[in-house]
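Secondary and tertiary structure notes
As a plain string of letters, each chain reads:
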Amino acid sequence: GIQVEQSPPDLILQEGANSTLRCNFSDSVNNLQWFHQNPWGQLINLFYIPSGTKQNGRLSATTVATERYSLLYISSSQTTDSGVYFCAVDASLYGQNFVFGPGTRLSVLP
Amino acid sequence: DGGITQSPKYLFRKEGQNVTLSCEQNLNHDAMYWYRQDPGQGLRLIYYSQIVNDFQKGDIAEGYSVSREKKESFPLTVTSAQKNPTAFYLCASTGEAKNIQYFGAGTRLSVL
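Heads up: these notes are all about the structure in this document. (Residues numbered from 1 in each chain as written. Chains lettered and ligands numbered in written order. Predicted model: local features only at pLDDT ≥ 70, side-chain atom pairs only at ≥ 80, totals over all residues. Heavy atoms only, no water.)

On to the interface of chain B and chain A, then. Across the contact, 22 residues belong to chain B and 18 residues belong to chain A. A combined buried area of about 1500 Å² lies between chain B and chain A, and 52% of that area is made up of carbon and sulfur atoms. The largest per-residue losses of area from chain B upon contact with chain A belong to Asn99(B), Gln101(B) and Phe103(B), which jointly make up 31% of the total buried on that side. If you look at where chain B meets chain A, you find 0 salt bridges. Among the secondary structure elements, those contributing two or more residues to the side of chain B that touches chain A are β4 (31-37), β5 (43-51), β9 (87-94) and β10 (101-103) of chain B. Per-element tally for the side of chain B that touches chain A: the top contributor is β5(B), with 4 residues. Of the residues in the side of chain B that touches chain A, the class split is 11 nonpolar, 9 polar and 2 charged. (Contact = heavy atoms within 4.5 Å. Buried area = accessible area lost by both parts, 1.4 Å probe. Salt bridge = Lys/Arg side-chain N within 4 Å of Asp/Glu carboxyl O. Helix = DSSP H or I, 4+ residues; strand = E, 2+ residues; numbered from the N terminus. Nonpolar A, V, L, I, M, F, W, Y, C, P; charged D, E, K, R; others polar.)

So, about the state of the cysteines. Counting across every chain of the model gives 2 disulfides over all chains. Paired through a disulfide, Cys23(A) and Cys87(A) show a sulfur-sulfur distance of 2.0 Å. Looking down the S-S bond of the Cys23(A) and Cys87(A) bridge, the torsion is 75°, so its handedness is right-handed. Separated by 64 residues along the polypeptide, Cys23(A) in strand β3 (residues 19-25) and Cys87(A) in strand β9 (residues 83-90) bring together distant segments of the chain. Among the residues examined, Cys87(A) registers a relative accessible area of 0% and is labelled buried. The partner cysteine of Cys23(B) in its disulfide is Cys91(B), sulfur to sulfur 1.9 Å. The sign of the -75° torsion about the S-S bond sets the Cys23(B)-Cys91(B) disulfide as left-handed. Residue Cys23(B) is found in strand β3 (residues 19-25), and its partner Cys91(B) is found in strand β9; the two are separated by 68 residues along the sequence. Here Cys23(B) and Cys91(B) have matching classes, each one buried. (Disulfide = S-S within 2.5 Å. Buried < 20%, exposed > 50% of the residue type's maximum accessible area, 1.4 Å probe, protein only.)

What follows deals with the layout of surface pockets. Its volume calculated, the largest pocket comes out at about 390 Å³. In terms of lining, the largest pocket is formed by 21 residues, of which the most central are Gln37(A), Val84(A), Arg105(A), Gln37(B) and Gly40(B). At the level of secondary structure, the elements contributing two or more residues to the lining of the largest pocket comprise β9 and β11 (104-109) of chain A together with β9 of chain B. Top contributing element to the lining of the largest pocket by residue count: β9(A), with 3 residues. When the residues that make up the lining of the largest pocket are grouped by side-chain class, the tally is 8 nonpolar, 9 polar and 4 charged. If you trace the second largest pocket, you find 16 residues lining it, with Gln96(A), Phe98(A), Val99(A), Leu45(B) and Asp59(B) closest to the centre. A total of 4 residues in the lining of the second largest pocket trace back to one element, the largest contributor, which is β5(B). Class assignment of the residues belonging to the lining of the second largest pocket gives a composition of 8 nonpolar, 5 polar and 3 charged. (1 Å grid on protein atoms, 1.4 Å probe; cavity = no way out; pocket = protein on both sides within 12 Å on 5 of 7 lines; lining within 4 Å. Points joined across faces, edges and corners; volume = space filled by probe spheres on them.)

So, on to a nonpolar patch on the surface. Residue and element names in this part refer to chain B. Together, Tyr-10, Phe-12 and Leu-112 line one region of the surface with nonpolar side chains, adding up to about 390 Å² of accessible area. Tracing the backbone through its elements, the reader meets Tyr-10 in strand β2 (residues 10-13). A relative accessible area of 56% means that Tyr-10 is categorised as exposed. (Patch = residues over 30% accessible without salt bridge, like charges linked within 9 Å, V, L, I, M, F, W, Y side chains within 5 Å. Areas by Shrake-Rupley, 256 points an atom, 1.4 Å probe, with all protein chains shown as cover.)

Two orientations exist for strands paired in a sheet by backbone hydrogen bonds: parallel and antiparallel. All names here are of chain B. Taken in spatial order, the 4 strands line up as β1-β3-β8-β7 in an open sheet, and their pairing is antiparallel. Because the sheet does not close on itself, it has two edges, and the strands there are β1 (4-7) and β7 (64-66). Recorded for the sheet is a direction-independent mean angle of 20° between the axes of neighbouring strands. Relative to strand β8 (residues 76-78), β7 runs antiparallel, the two sharing 3 bridges. Along β8, the bridge assignment pairs Tyr-64 with Val-78. (Pairing = 2+ DSSP bridges. Axes fitted to C-alpha atoms, helices over the stretch in contact; angles between N-to-C directions.)

Let us look at the environment of Tyr64(B). Residue and element names in this part refer to chain B. Tracing the sequence through the fold places Tyr-64 in strand β7. Residue classification places Tyr-64 among the buried residues on the basis of a relative accessible area of 6%. As a C-alpha pair, Tyr-64 and His-29 span 35 residues in sequence and 23 Å in three-dimensional space. Contacts of Tyr-64, omitting those with residues within four sequence positions, involve Arg-36, Ile-46, Tyr-47, Leu-76, Thr-77, Val-78, Thr-79, Gln-82 and Tyr-89.

Structural data, given as structure tokens:
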């Protein structure tokens, strides 16, 4: 089945720093989502981004479908950005459902 | 407000007991999903349902059962056959386009 990898697995930042999280996937996909899981476990949609670039405040995402990767940029990080960031791909082309990456755990220090 | 409601937030299971986790959505979504998350891990698919009265096994269905009698509801039963049920359980749904997943707040299940 399709494989999804994320890097780095862990990231520690000082408040105000910028960061880039990466998601690689092994085959072409219909769509890709980025999620933030807060410390209480809630998964929040950040972006639905099968290709191209989107921006939402301090966050932006870029997916290069032909090269099978997506990047999530966090600028001017805040302590509330802490948590785990997951990417998930729609693998229905391969008889699977959504496949999640293992996540990047982000800690933003005050 | 439209969304997905999971209950209870916390659940304790005694050995040999079946427990049922509730998932209700008022988004008018056709497809619903159950995931399991172990500490420090990603999400693994347990069961999914594309339409009422139909559901399919995901990657880790053993020891679990589901039903889909109503569009709004997709309860998950953790049976006594699931020997390691302690985990965080998340319910999700997608609309007609099946492209964006929305999640409930989750249920934490522990074994007494």
